[in-house]
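Coordinate analysis (summary)
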Amino acid sequence: MMPLLKPRTGGLLSLMVILVVLPLFFRNAYHYDVAIQSGLNAIVCVGLNLLIGYTGQISLGHAGFFALGAYASAVLTDRYEFAAVGAMIIGAVAVGCLSYLIARPILKLKGHYLAMATLGLGIIISIILNQEEELTGGPDGMPVSSFSFFGWDISGNLTWYGIVALVLLFTVWLALNLVDSPVGRALRAVHGSELAASTMGVDTQRYKVLIFVFSAVLASIAGSIFAHYSGFVSPAEGEFFRSIEFVTMVVLGGMASIFGAVVGAAILTILPQLLASFHDYEMMVHGAVLMGVMIFMRRGLVPTLVHFIRGLRK
Amino acid sequence: MNLLRIEQLGKSFGGVTAVEDLSFAIGPGTVYSIIGPNGAGKTTLFNLISGLFAPTTGSIHLDEEDISGLPPHKLAARGLSRSFQNLQIFFNMTALENVMVGHHLHSDTRFFPSLFALPAIGRADKRSAEFAAEMMDYVGLGNYIHTDSDAMPYGALKRLEIARALASRPRLLLLDEPAAGLNPSETNTIADLIQHIAQDNITVLLVEHDMHVVWDVSDHILVLDHGRRLAAGTAEEIRSNDAVVEAYLGRRAKDR
Ligand SMILES: Nc1ncnc2c1ncn2[C@@H]1O[C@H](COP(=O)(O)OP(=O)(O)OP(=O)(O)O)[C@@H](O)[C@H]1O
Ligand SMILES: [Mg+2]
């Protein structure tokens, strides 16, 4: 027997309602901008949480994939006159292939070794973006044309907000489906006990690669959208600190919680904006958040809250 | 035909030889027990058979086909499953989900249909859930179906491992000390359960220190000592073997 609303359907509907109602409270372009940045970060974090929270693998290089997507869109539309959608797809496919190629050797590693390898990967991507001045404009970055879709130039805050909200909803829906399927259970089994998972017939290496590639592709797509939205990309998007930021968002929102990833992304995007002086100390505050969550709230915000509410009901 | 045949198997870790020149064969439909003192190499033998370790020397044959060095998930696909001496529960899941992972190889695990939640996935998954619930009933865990596994008592977790292994529909089931840490009444239930499993035509390879269980359920017993075969035979033969009584059973043999 199926309950009327599965918890995940309820969650998805709530997110939808929030995303629809939110613009009613926006007073200026700046509010839209923060919301759009939150949404893009959330898309990356939902994918990253499948890798970190559900499968138990770490990546300190996902900003690299985000930046590759952004630059694929920038370079292909600007230098080679590709259509924006085409550039985005090519970027996503290229990032998919790249992440697949490096995933096999990298994901054989465990713990700190995996962290180091993904860290190295992100740094290499960042260096390439800085060095290939002909193509990328080097450290100064490069402008990106607007996103045109069958002759329609996407512009306006509300339109961009709508697009990001739709992509985010779609991503959350996909992630929820996956988590709730035999594939998602295999991923969680890898996290729970790789030994037992493999003896139960789960090809653990294959699933780790699969989810690494999927999360990299999501980051790439978010990067492409970001490039067109902001109209400008620079190597800063792929910097190590951005990767750490994504991981902090996932950890704060809650490991193995899809909605947690969204909440974590939103909080850590909005917070620095609220505290004007915060900018100089951003790195330190992220470090503090990471440590605080690890010490006081291992599961992260959303799972802790859910646990608390369940406890109240009983 | 032998279901499992071990041929001059050896495994060493650096200087430590855990299993040495071991040969034996198991026919289908039997309960074959392996006993021996701590550190005799029993778990290492299980890890070799289930593909977690590659043998240093010798070979392992399933259905007379050499399976040495195959990875665990391929062996699972050939009908081999196991439980662990040190619990390997997926503590990030409910009890039922643990058992559903055991059903992985019989589930619809295509990526894109799962991603888009195609109805076929949901239907297949519902059958997996029903089958997993059946397996939990079978091992006597019917009350725990929706319990989070990290909220279950130790004795129940031991049986959860067996349910999960059974959900893969094995032909050969390796149980590594299923009765360790259980109280006497729980131990009796485990002995009954092993007999049930054997009656359902699943060959059982059992490692167990509790000799009540071993005498009760075994068709054949192999005694390991320092990684080598010390003796092999029926319960009667083992009980009256002086070398075995000396090395392992000691006063235990007179318990019964
Ligand atoms: N991964 C490993 N690395 C190094 N040595 C190991 C490893 N696994 C087992 N050994 C060694 O191999 C020997 C056999 O260990 P094993 O765990 O197989 O014994 P056992 O018969 O299962 O003992 P018990 O009854 O205590 O479970 C021991 O000396 C042990 O220290
Ligand atoms: Mg052992």
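Residues numbered from 1 in each chain as written. Chains lettered and ligands numbered in written order. Predicted model: local features only at pLDDT ≥ 70, side-chain atom pairs only at ≥ 80, totals over all residues. Heavy atoms only, no water.

1. Thoughts on the overall build of chain A
- Looking only at helices and strands, chain A has 14 helices and four strands in total.
- Whereas a compact globule of 314 residues would reach a radius of gyration of roughly 20 Å, chain A reaches 19 Å, a difference of no more than 12%.
- With respect to the three principal axes, the spread of C-alpha positions in chain A is 55 × 50 × 40 Å.
- By the burial criterion, 53% of the 314 residues in chain A qualify as buried.
- In chain A, 79% of the contacts between residues at least 6 apart in sequence involve partners at least 24 apart.
- Charge separation in chain A, taken as the distance between the mean sites of 17 positive and 16 negative side-chain charges, equals 24 Å. (Helix = DSSP H or I, 4+ residues; strand = E, 2+ residues; numbered from the N terminus. Rg over C-alpha atoms; globule rule 2.2 N^0.38 Å. Buried < 20%, exposed > 50% of the residue type's maximum accessible area, 1.4 Å probe, protein only. Contact = heavy atoms within 4.5 Å. Lys, Arg positive; Asp, Glu negative; His and termini not counted. Charge placed at Lys NZ, Arg CZ, Asp CG, Glu CD.)

2. Here we look at the nonpolar core
- Of all hydrophobic cores here, the largest spans 137 residues; its most connected members are Leu50, Val172 and Ile258 of chain A together with Met136, Leu160 and Ile194 of chain B.
- Those residues in contact with leucine 50 of chain A, other than ones at most four positions away along the chain, are Thr55, Ala175, Leu178, Val179, Ile211, Phe214 and Ile258 of chain A.
- In this structure, Leu4, Ile6, Ile60 and Val207 of chain B belong to the second largest nonpolar core, which totals 26 residues. (Core = buried A, V, L, I, M, F, W, Y, C linked by side-chain atoms within 4.5 Å.)

3. Concerning the interface of chain A and chain B
- Contacts between the two partners involve 28 residues from chain A, matched on the other side by 33 residues from chain B.
- Together, the buried faces of chain A and chain B total about 2,700 Å²; carbon and sulfur atoms form 67% of this surface.
- Among the residues chain A hides against chain B, the three largest losses belong to Arg185, Thr199 and Met200 of chain A. Together they make up 27% of the total.
- At the junction of chain A and chain B, the tally comes to two salt bridges.
- Taking the shortest distance from any N to any O, the salt bridge between arginine 185 of chain A and aspartate 125 of chain B comes out at 2.6 Å.
- At the boundary of chain A and chain B, one finds six residue pairs in polar contact (both at pLDDT 80 or more).
- Counting only elements with at least two residues in the side of chain A that touches chain B, the list comes to α7 (157–179), α8 (182–192), α9 (194–199) and α10 (204–230) of chain A.
- In terms of residue count, α8 of chain A provides more of the side of chain A that touches chain B than any other element does, eight residues in total.
- Along the lines of polarity and charge, the residues of the side of chain A that touches chain B split into 16 nonpolar, eight polar and four charged. (Buried area = accessible area lost by both parts, 1.4 Å probe. Salt bridge = Lys/Arg side-chain N within 4 Å of Asp/Glu carboxyl O. Polar contact = N/O pair within 3.5 Å; in protein donor to acceptor, adjacent residues only side chain to side chain. Nonpolar A, V, L, I, M, F, W, Y, C, P; charged D, E, K, R; others polar.)

4. Section: the confidence of the model for chain B
All names here are of chain B.
- Of the residues in chain B, 98% have a pLDDT of 70 or more, and the chain-wide mean is 92.
- The secondary-structure element of chain B with the lowest mean pLDDT is helix α10 (residues 242–249), recorded at 77, while strand β7 (residues 172–176) shows the highest, at 97.
- As a predicted assembly, this complex carries a pTM of 0.91 together with an ipTM value of 0.91. (pLDDT = per-residue confidence, 0-100.)

5. Details of the packing of helix α4 (residues 84–107) of chain A against α10 of chain A
All names here are of chain A.
- Where α4 meets α10, the axes come as close as 8 Å, and the angle between the chain directions of the two elements is 150 degrees. Comparing their axes, α10 and α4 come out roughly antiparallel. The handedness of the crossing between α4 and α10 is right-handed. Only Gln205, Lys208, Val209, Phe212, Val213, Ala216, Val217, Ser220, Ile221, Ser224, Ile225 and His228 of α10 make contact with α4, whose side of the interface consists of Ala84, Met88, Gly91, Ala92, Val95, Gly96, Ser99, Tyr100, Ile102, Ala103, Arg104 and Leu107.
- Classifying every residue of the contact of α4 with α10 by side-chain character gives 15 nonpolar, seven polar and two charged. (Axes fitted to C-alpha atoms, helices over the stretch in contact; angles between N-to-C directions. Parallel < 35°, antiparallel > 145°, perpendicular 65-115°, else oblique. Left-handed = near helix turned anticlockwise from the far one by under 90°.)

6. A short note on the coordination of the magnesium ion (ligand 2)
Residues and elements named next belong to chain B.
- The magnesium ion (ligand 2) binds to the protein through Thr43 (OG1) and Gln85 (OE1), with metal-donor distances spanning 1.9 to 2.1 Å. Taken together, the residues threonine 43 in helix α1 (residues 42–49) and glutamine 85 in the loop between β6 (80–82) and α3 (95–102) connect sequence positions 42 residues apart.
- With a relative accessible area of 26%, threonine 43 lands in the partly exposed category.
- The class of glutamine 85 is partly exposed, set by a relative accessible area of 29%. (Donors = N, O, S within 2.8 Å, 3.2 Å for Na, K, Ca; no water.)

7. So, the domain arrangement of chain B
Residue and element names in this part refer to chain B.
- What the domain assignment reports for chain B is domain 1 (1–79 + 170–256) and domain 2 (90–169).
- The straight-line distance from the C-alpha centre of domain 1 to that of domain 2 is 26 Å.
- Contacts between domain 1 and domain 2 engage 20 residues on the former and twelve residues on the latter.
- Of the roughly 1,200 Å² buried between domain 1 and domain 2 on both sides combined, carbon and sulfur atoms contribute 73%.
- Connecting domain 1 to domain 2 are zero salt bridges.
- In this assembly, domain 1 and domain 2 are joined by four residue pairs in polar contact (both at pLDDT 80 or more).
- Sorting the residues of the side of domain 1 that touches domain 2 by element identifies α2 (72–77), β7 and α7 (184–199) as the ones contributing at least two each.
- Sorting elements by how many residues they give to the side of domain 1 that touches domain 2 places α7 first, with six residues.
- Its residues assigned to classes, the side of domain 1 that touches domain 2 comprises twelve nonpolar, three polar and five charged. (Domains from an automatic or database assignment.)

8. What about the sheet that holds β7 of chain B?
Residues and elements named next belong to chain B.
- The sheet built from six strands is open, its strands ordered β6-β7-β8-β3-β9-β10 with mixed pairing. Sheet topology places β6 and β10 (228–233) at the edges, where each strand pairs with a single neighbour. Geometrically, the sheet is characterised by an average inter-axis angle of 20 degrees between neighbouring strands, direction not taken into account.
- Here β6 pairs with β7 via three bridges, running parallel. Paired with serine 81 across the strands is leucine 173, a residue of β7.
- The sheet contacts of α10 involve β3 (31–35), β9 (220–225) and β10, and relative to β10 the element is tilted by about 125 degrees. (Pairing = 2+ DSSP bridges.)

9. Focus: unusual backbone geometry
Residue and element names in this part refer to chain B.
- One non-glycine residue with positive phi stands out, namely arginine 169, at about 50 degrees.
- Of note, arginine 169 is situated in the loop between α6 (154–166) and β7.
- For histidine 226, which is not glycine, the phi torsion reads 50 degrees and is therefore positive.
- If you trace the backbone, histidine 226 turns up in the loop between β9 and β10.

10. Concerning the environment of methionine 152 of chain B
Residue and element names in this part refer to chain B.
- Looking at where methionine 152 falls in the secondary structure, it is placed in the loop between α5 (119–138) and α6.
- For methionine 152 and lysine 11, which are 141 residues apart along the polypeptide, the C-alpha to C-alpha distance reads 35 Å.
- Those residues in contact with methionine 152, other than ones at most four positions away along the chain, are Ala95, Leu141, Tyr144, Thr147, Leu157 and Leu160.

11. Here we look at the site of ligand 1
Residue and element names in this part refer to chain B.
- Lining the immediate environment of ligand 1, one finds 14 residues, of which Gly39, Lys42, Thr43, Thr44 and His209 sit closest.
- Within the side chain of asparagine 38, an N or O atom sits 2.9 Å from an oxygen atom of ligand 1.
- In the environment of ligand 1, an oxygen atom lies 3.2 Å from a nitrogen or oxygen atom belonging to the backbone of alanine 40.
- Here ligand 1 loses 63% of its free accessible area of 630 Å² to cover by the protein chains.
- Of all the elements in the fold, those that place two or more residues in the shell around ligand 1 are β2 (16–26) and α1.
- Sort the elements by how many residues they give to the shell around ligand 1 and α1 lands first, with three residues.
- Residues of the shell around ligand 1, tallied by class, amount to five nonpolar, seven polar and two charged. (Near = heavy atom within 4 Å. Areas by Shrake-Rupley, 256 points an atom, 1.4 Å probe, with all protein chains shown as cover.)

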